[in-house]
Amino acid sequence: MNRRAALFGVVAAVGLGIALRVAGLWSDFWLDEVWTWRLAARAGSVLDVFTRIHHSNNHHLNTLIFYWIGDTPDWWLYRLPALVLGSASVALAAAVAWRRGRLEAVLAAWLTAGCFALIHFSSEARGSGPTVAFALASLWLLERDLERPRAWSAVAFGLCAVAGFLFQLVFCFFWAGALVQSGWVLWGRRRAAGPWLVSMLRLHGAPLLVFAALWFVDLREFRVGGGPSPAPDWLAARTVGFALGLPAAPEFGLAWALLAALIVGAGLRHLAKRGDPAWIGLAVTIIVAPALVLGWLRPDVVAVRYFLIGIVFSLLLAALLLADALRTGGARRVLAVGALAIFALGNGVHLARFGEHGRGGYRATLHTLAAETRGPILEVGSDHDFRVGSVLGFHSRELPADKRLVYLPQRVWPPEGPEWMILHRQERPGPPEPFLVSQSARYALVAEFDHAAISGYYWMLYRNTDRTRSSP
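The rules behind each value
- Residues numbered from 1 in each chain as written.
- Predicted model: local features only at pLDDT ≥ 70, side-chain atom pairs only at ≥ 80, totals over all residues.
- Heavy atoms only, no water.
- Helix = DSSP H or I, 4+ residues; strand = E, 2+ residues; numbered from the N terminus.
- Expected span 1.5 Å × (residues − 1).
- Buried < 20%, exposed > 50% of the residue type's maximum accessible area, 1.4 Å probe, protein only.
- Axes fitted to C-alpha atoms, helices over the stretch in contact; angles between N-to-C directions.
- Parallel < 35°, antiparallel > 145°, perpendicular 65-115°, else oblique.
- Contact = heavy atoms within 4.5 Å.
- Nonpolar A, V, L, I, M, F, W, Y, C, P; charged D, E, K, R; others polar.
- Left-handed = near helix turned anticlockwise from the far one by under 90°.
- Phe/Tyr/Trp six-rings, centres within 6.5 Å; stacked < 30°, edge-to-face > 60°.
- Lys NZ or Arg CZ within 6 Å of the ring centre and 35° of its normal.
- Pairing = 2+ DSSP bridges.

### A look at helix H8 (residues 128-147)
- Under the 1.5 Å per step criterion, the end-to-end length of H8 is 29 Å for 20 residues, consistent within 8% with the ideal 28 Å.
- Across the 20 residues that make up H8, a large majority, 17, are buried.

So, in structure tokens, the structure goes:
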């Protein structure tokens, strides 16, 4: 592939990546984003973001974006940095792969542009999209500096690593790989502890100091917000399925995990055979660091976003394997073309569902409440005051002027029960129950609102039939 064709292919992929990411910008603001909005509202200064909000949902630079923008009903503004940096990831993936070949760069760009998991988090104000971008930028800078040390590349690497940490702490998976890769390469040149340590500190001193300071002022008092704890097969199916365009059903969990292991193992072997030291860094980033950290901490909540850095670097490995197969021809070329077709079709299916349902139907729920309630007061209760009440409260500003939401926490429900009831689930449980019977009331299903997949909640809206009959 000549240089002009390769550049055209990368630019086209970047354009597609931007278009696909913009589409999700206006989907409903969901719980974790509302949570960040609430945390930012508690901050009295920039310093408070680092020293007072000791919470797992406080991704420091992301929270600062909320703080600087302030309170606004135009929630898509909070998502703009994720959109810009998430879109930049497509070009950065191509830049990292370009060192390995032009065809590799084009394939890396298209895989990154079309991956549903990356698209999804590039339109969500959670810090995940920017973290991926800074991981790719850091690797590109690290490899340039290891090849030809320059002051600017070392400084830029340090700044990108610091930004990655401050957007999301899962950046530590990449940094662990970068430490091992740079340590391996530099030891091969220095072979003396003193010069080797100086060279390592030149690259990693700044992120090390920032991480230590962050530990002192924040992380040592860190507390986890909580959430549903997924089964391993469910998590594997969603992580691999949303990365490669495969069905995300739990029954495929083991098969998809084995497929991912095959792709990563073959990609690392491909790099090692070429004498590319990136294989050892990527092995730590994708496999070793997540296994050690999650095995040590044993968090109650493990989500797809934790593996987003592993996903983007696994796609880079896949691009190398596909390029090699396309050059080889024969059956391997046919398999490569088939794999690309499945990737495109499957991710297209995920994207179509995302376009239909977004991150949930929270605004649609409020519009239904407003249309079906005769009086000005929308009296609502739910099965989870924080998860449902927080999101309703955020979006209630969009209600008509003659309607007002009154959310009733469970502890203050009237004896006859709230007029409206919302039940939430992480995923659609199948056909919902047409009636909900409590100790004091009977509720009839009015509507259900789904979400696309990774982020969001499925809501069922019920109405108190006894109060409906007695209302004028």
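Now that the structure is up, let's keep going.
### Some words on the packing of helix H17 (residues 362-372) against helix H18 (residues 385-395)
- Interhelical geometry of H17 versus H18 gives an angle of 75° and a closest axis separation of 10 Å. Considering the angle they form, H17 stands roughly perpendicular to H18. Taking contact as the criterion, the partners of Tyr 362, Arg 363 and Leu 366 in H17 are, on H18, Val 391, Leu 392 and His 395.
- In terms of residue class, the contact of H17 with H18 is built from four nonpolar, one polar and one charged.

### Looking at the packing of helix H2 (residues 31-42) against helix H4 (residues 60-69)
- Two elements in contact, H2 and H4, have axes separated by 9 Å at closest approach and are oriented at 65°. As judged from the angle between their axes, H2 and H4 are roughly perpendicular. The way H2 lies across H4 gives a crossing that is right-handed. In this structure, H2 contributes Glu 33, Thr 36, Trp 37 and Ala 40 to the contact, and H4 contributes Asn 62, Thr 63, Phe 66 and Tyr 67.
- Of the residues assigned to the contact of H2 with H4, the class counts are four nonpolar, three polar and one charged.

### Considerations on the environment of Val 49
- Position of Val 49 relative to the elements: it lies in helix H3 (residues 46-51).
- Measuring from C-alpha to C-alpha, the distance between Val 49 and Leu 39 comes to 8.6 Å, with ten residues separating the pair along the chain.
- In contact with Val 49, other than residues within four places in its own chain, are Ala 43, Asn 58, His 60, Thr 63 and Leu 64.

### Notes on the packing of aromatic side chains
- Taken as a whole, this structure holds 20 aromatic pairs when the rule is applied.
- Seen from their ring centres, Phe 29 and Phe 66 are 6.2 Å apart, and the 45° between their planes marks the pair as tilted. Highlighted residues: Phe 29 in the loop between helix H1 (3-22) and H2 and Phe 66 in helix H4, separated in sequence by 37 residues. In this pair, the class of Phe 29 matches that of Phe 66, namely buried.
- Their ring planes at 50° and their centres at 6.5 Å tell us that Phe 29 and Trp 75 sit as a pair that is tilted. Of this pair, Phe 29 sits in the loop between H1 and H2 while Trp 75 sits in the loop between H4 and helix H5 (76-98), placing them 46 residues apart in sequence.
- Judged by relative accessible area, Phe 29 falls into the buried class, the value being 0%.
- Here the aromatic cluster, defined as three or more aromatic residues joined through ring pairs, consists of Phe 29, Trp 37, Phe 66, Trp 75, Tyr 78 and Phe 394.
- Taking NZ or CZ as reference, Arg 220 lies 4.6 Å from the ring centre of Phe 216, over its face.
- One residue, Arg 442, lies across the ring of Phe 435, its end atom 4.1 Å from the ring centre.

### Brief notes about the side chain of Ser 199
- Position of Ser 199 among the secondary structure elements: in helix H11 (residues 193-217).
- Classification of Ser 199 by relative accessible area gives buried; the value is 10%.
- With residues up to four places along the chain from it excluded, the contact list for Ser 199 reads Leu 186 and Arg 190.

### Focus on the sheet that holds strand E5 (residues 442-449)
- Taken together, six strands build an open sheet; the order of strands is E2-E1-E3-E6-E5-E4 and the sheet is mixed. Of all strands in the sheet, those bounded by a partner on one side alone are strand E2 (404-407) and strand E4 (435-437). For this sheet, the mean inter-axis angle between neighbouring strands, taken without regard to orientation, is 35°.
- Summarising the sheet, strand E1 (residues 377-382) and E2 pair through four bridges and their orientation is parallel. When the sheet's bridge partners are listed, Glu 379 is paired in E2 with Val 406.

Any functional reading would require information beyond the geometric quantities listed.
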